[in-house]
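Given next are the chains, with one letter for each unit.
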Amino acid sequence: MRAADVSDWGTLVFEIMSQQTPIARVQPIWLEWMERWPTPADVAAASSADIIVAWANLGYPSRALRVKACAAAIVEKHDGEVPLSLKELTLLPGVGTYTASALLAFRHGIRVPVLDTNVRRVLVRFLDGREFPPHTTPSKAETMRADAILPEDGHHAAEVSLSLMEFGALVCTQLNPSCDECTIHDNCAWAAAGFPKDEKRPTPQPYAGTDRQARGRIMKALRTAHFEGTDGLTKRKVLDAARIDGGDRYQPTRVYRALLKDGMIVYNEDTKRVSLPR
DNA sequence: CATTCGTGGGA
DNA sequence: TTCCCAAGAAT
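Each chain has its residues counted from 1, following the order in which its sequence is written. Lettering of chains starts at A and numbering of ligands starts at 1, both following the order in which they are written. Given that this is a predicted model, residues contribute local features only at a pLDDT of at least 70 and side-chain atom pairs are listed and counted only at 80 or more, while totals for whole chains, interfaces and linings are drawn from all residues. Hydrogen atoms and water are omitted, and side-chain values are computed over all heavy atoms in the structure.

### Considering the packing of helix α4 (residues 48-55) against helix α5 (residues 62-77)
Test applied: Orientation is described by lines fitted to C-alpha atoms, with helices fitted over the stretch in contact, and by angles between N-to-C directions that extend from 0 to 180 degrees. Numbering goes from the N terminus for both helices and strands, where a helix is a DSSP run of H or I of at least four residues and a strand is a run of E of at least two. For classification, angles of less than 35 degrees are called roughly parallel, those exceeding 145 degrees roughly antiparallel, those between 65 and 115 degrees roughly perpendicular, and all remaining angles oblique. Handedness of a helix crossing follows the sense of rotation of the near helix relative to the far helix, less than a right angle counterclockwise being left-handed and clockwise being right-handed. Any two residues whose heavy atoms approach within 4.5 Å at even a single point are treated as in contact. Note on residue categories: nonpolar means Ala, Val, Leu, Ile, Met, Phe, Trp, Tyr, Cys or Pro, charged means Asp, Glu, Lys or Arg, and polar means any other residue, Gly included.
Two elements in contact, α4 and α5, have axes whose closest approach is 9 Å; the angle formed by their N-to-C orientations is 130°. With respect to α5, the axis of α4 lies oblique. Here the hand of the crossing between α4 and α5 comes out right-handed. Residues S48, I51, I52 and W55 of α4 lie in contact with α5, whose contacting residues are R63, A64, L65, V67 and K68. In the contact of α4 with α5, the residues fall into 6 nonpolar, 1 polar and 2 charged.

### Comments concerning the packing of aromatic side chains
Describing an aromatic ring pair means giving the distance of the ring centres and the angle of the ring planes. Spelled out, the test is: Only Phe, Tyr and Trp rings are paired, with Trp represented by its six-membered ring, and only when their centres lie within 6.5 Å; those with planes under 30 degrees apart are stacked, over 60 edge-to-face, the remainder tilted. Burial classification: accessible surface area is computed with a 1.4 Å probe over protein chains only, and a residue below 20% of its type maximum counts as buried, one above 50% as exposed, and the rest as partly exposed. Lysine NZ or arginine CZ positioned within 6 Å of the ring centre and within 35 degrees of the ring normal marks a charge as sitting over the ring.
Within this structure, the stated rule accounts for 4 aromatic pairs. With 4.9 Å between their ring centres and 75° between their planes, W33 and W37 make a pair best called edge-to-face. As far as the burial class goes, W33 and W37 line up, both buried. The interplanar angle of 90° and the centroid separation of 5.1 Å between the aromatic rings of W190 and F195 together place this pair among those described as edge-to-face. By relative accessible area, W190 is classed as buried at 3%. You can call F195 partly exposed: its relative accessible area is 29%. Taking the ring centre of W190 as reference, the NZ or CZ of R125 above it sits at 4.5 Å.

### Considering the UniProt feature "domain: HhH-GPD" (unreviewed entry) in chain A
Rules: UniProt positions are given in the numbering used here, feature names are shortened, and annotations may be inferred rather than shown by experiment.
Here, UniProt's "domain: HhH-GPD" (unreviewed entry) annotation points to residues 17-170. With 65% helix and 0% strand, the stretch residues 17-170 has end C-alpha atoms that lie 21 Å from each other.

### Quick notes on the side chain of K68
Heads up, the condition is: When charges are counted, Lys and Arg contribute as positive and Asp and Glu as negative, whereas His and the chain ends are disregarded. Whenever a carboxyl oxygen of Asp or Glu lies within 4 Å of a side-chain nitrogen of Lys or Arg, that contact is scored as a salt bridge.
Counting through the fold element by element, K68 comes out in helix α5. There is no salt bridge for the buried K68, and the closest opposite charge comes from D50, which lies 8.9 Å off by N-O distance. Look past the residues within four positions of K68 in its chain and what remains in contact with it is V43, A44, A46, S47, S48, I51 and R278.

### Section: the protein's contact with DNA strand B
Note the following rule: Note on definitions. A residue lies near a molecule or strand when any single heavy atom of the residue is within 4 Å of it. Throughout this description, a polar contact denotes any pair of N or O atoms lying within 3.5 Å of each other; where both atoms belong to protein, one of them has to be capable of donating a hydrogen while the other can accept it, and for residues adjacent in sequence the pair is counted only when both atoms sit in side chains.
Taken together, 14 residues surround DNA strand B, and among them T21, R25, L58, R215 and G216 come closest. Each atom of DNA strand B within 4 Å of the protein was assigned to sugar, phosphate or base; sugar and phosphate come to 55%. Here T21 contributes a side-chain N or O atom positioned 2.9 Å from a base nitrogen of DNA strand B. The class makeup of the residues in the surface near DNA strand B is 4 nonpolar, 6 polar and 4 charged.

### Points about the protein's contact with DNA strand C
Taken together, 23 residues lie near DNA strand C, and Q20, G94, G96, T99 and L175 sit nearest. Sugar plus phosphate, as a fraction of atoms of DNA strand C within 4 Å of the protein: 64%. The separation between a phosphate oxygen of DNA strand C and a polar main-chain atom of G94 is 2.6 Å. Within the side chain of Y98, an N or O atom sits 3.3 Å from a base nitrogen of DNA strand C. Looking at the surface near DNA strand C, the elements with two or more residues in it are α7 (97-108), α8 (117-128) and α10 (154-170). For the surface near DNA strand C, the leading source of residues is α7, giving 3 residues. Looking at the surface near DNA strand C, its residues break down into 9 nonpolar, 10 polar and 4 charged.

### Observations concerning the nonpolar core
Where a protein is soluble and globular, its nonpolar side chains tend to be buried together. For clarity, the cut-off: Take the buried residues of types Ala, Val, Leu, Ile, Met, Phe, Trp, Tyr and Cys, join any two whose side-chain atoms come within 4.5 Å, and each joined set is a nonpolar core.
Grouped together as the largest cluster of nonpolar side chains are 68 residues, with contacts concentrated most on W9, L12, M17 and W33. Those residues in contact with W33, other than ones at most four positions away along the chain, are V13, M17, V43, I51, A54, W55 and V67.

### What to know about the sheet that holds strand β2 (residues 266-268)
In plain terms, the rule: Between any two strands, pairing holds if DSSP finds at least two bridges.
Strands sit in the order β1-β3-β2 across an open sheet of 3 strands; the sheet is antiparallel. Edge positions in the open sheet fall to β1 (233-234) and β2, since each of these has one partner strand only. By the bridge criterion, 3 bridges tie β2 to strand β3 (residues 273-275) in an arrangement that is antiparallel. If you follow Y267 over to β3, its bridge partner there is V274.

Quick look at the structure:
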């Protein structure tokens with residue numbers, strides 16, 4: 001959240017929740033989350049299971065564990081205060097260049113380029129005449145170029161960054177941009193070049209039948225069990241939950257092991273039950 | 001560097 | 001109904 005009465009930590013949690021997740025879905029869960037665990041110390045002291053359950057349907061639940069790890073790092077290495085440098089922020093779990101920049105720019109008016117997927121697409125089209133950025137992560141040159149077009153004042157720079165983000169989200173969109181209604185059409189290098197299609201368009205991400213879907217089934221079953229106060233589920237139940245249409249016969253076991261390795265779930269040798277980590 | 005990591009509302 | 005996607009990070 002970018003309101004004035006929200007803490008740095010609250011903003012950071014909101015930004016991490018918003019990674020690849022629609023804002024509309026984030027907001028209500030973030031509100032409950034902040035009421036329950038207002039500070040990094042609160043989150044660090046909470047159980048991982050409660051954290052994952054509170055993450056609810058935001059998706060990519062590993063981010064929930066990263067928020068907890070991030071909180072712990074802030075408590076241990078920064079005396080409970082969110083550090084306000086790009087360097088220190090990006091060293092925190094779950095915080096990459098985008099999230100760190102967004103916090104510094106939008107909350108503190110610090111002059112740093114904010115390169116999310118929308119901004120990158122807008123700049124590469126308008127300046128280079130290409131449909132999409134060449135790589136999945138911003139290059140050094142991209143960052144420097146973005147920096148160069150920002151106004152001197154940090155607060156103004158943040159406004160420009162936010163405008164670019166929204167422009168990319170609403171007008172200069174990934175697949176069907178509204179070039180007819182675009183107000184900067186006349187100066188756009190991509191328009192001048194005749195809107196050339198990129199060779200390697202972003203590959204559509206399949207979901208049905210994938211390990212991700214199977215993992216999601218397991219995590220949902222365990223979230224529900226934990227929320228209802230059950231002491232986990234039998235391994236049999238967990239593997240059954242991972243059975244999905246389109247999955248191969250080894251998928252349940254493969255996915256189960258991966259979740260154990262990721263620390264998303266734990267197996268108790270004594271109770272013979274699988275549950276969310278403490 | 002390309003790939004992996006969920007979810008459910010709306011087109 | 002089926003498909004598409006939404007403020008990235010870690011590996």
